[in-house]
Amino acid sequence: MFDDPNDVAGQITSEEAFSVLRDLERNTPDEIRRQRAHFRLAIKAAVILQPGNATQLLTLKIKGVTGDVSAGGCSALFPIPVNVGDVYRLQFDRKTLDLPLTFARCVRCRLVREDAFEAGFAFFTPISLPEAAAVRPESSLIS
């Protein structure tokens with residue numbers, strides 16, 4: 001499948017596949033933290049997830065809770081899994097986290113337990129974290 005020179009559209013070579021697997025092996029939690037481009041704010045805020053396409057807006061609406069937020073993305077817990085690679089609109093609870101409606105791509109989703117899935121999102125445009133979120137530790141930080 002990988003080594004057929006006549007079937008290269010959208011396919012990766014076996015050398016590329018091996019390289020990707022080697023990179024995956026090096027991705028330890030400490031290494032991932034070192035590579036992050038943005039400061040992360042650990043904050044618990046309600047978030048509503050819906051599909052990014054207007055034609056699909058009424059097909060899915062999930063309420064979750066954030067785990068952390070940065071200028072480039074966030075992580076959140078949801079009761080059902082979301083599709084990696086899909087684009088979603090995220091609406092945060094403005095009382096806890098004053099951010100506008102944000103579009104993001106799901107970059108990971110993992111099973112935490114049977115009724116909880118942790119998903120990571122990359123924002124399409126960087127956001128500015130509100131300063132007020134950092135100065136309300138008793139109400140906003142995860143406990």
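So, how was this worked out
Residues numbered from 1 in each chain as written. Predicted model: local features only at pLDDT ≥ 70, side-chain atom pairs only at ≥ 80, totals over all residues. Heavy atoms only, no water. Helix = DSSP H or I, 4+ residues; strand = E, 2+ residues; numbered from the N terminus. Buried < 20%, exposed > 50% of the residue type's maximum accessible area, 1.4 Å probe, protein only. Contact = heavy atoms within 4.5 Å. pLDDT = per-residue confidence, 0-100.

> Looking at this structure, I do not really get the overall build of the protein. What am I missing?
Broken down by element type, the protein carries four helices and seven strands. In the protein, the order of α-helices and β-strands from amino to carboxyl end is α-α-β-β-β-β-β-β-β-α-α. Residues counted as buried form 29% of the 143 residues belonging to the protein. Across the protein, contacts joining residues at least 24 apart in sequence account for 55% of those joining residues at least 6 apart.

> I tried to follow the confidence of the model for the protein on my own but got confused; where do I start?
A low pLDDT means the predicted coordinates there should not be read in detail. Per-residue pLDDT for the protein averages 79, and the proportion of residues at 70 or more is 68%. Under a pLDDT of 50 for its full length, residues 134–143 has, in the predicted model, 16 contacts with residues more than four places off or in other chains.

> Looking at this structure, I do not really get the environment of L111. What am I missing?
As for its placement among the helices and strands, L111 is situated in strand β6 (residues 102–113). It is 9.1 Å that separates the C-alpha atoms of L111 and I80, two residues lying 31 residues apart in sequence. Excluding residues within four positions of it along the chain, L111 makes contact with A116 and F117.

> Explain the side chain of S70 here, please?
The topology assignment puts S70 in strand β3 (residues 62–70). Classification of S70 as buried rests on a relative accessible area of 2%.

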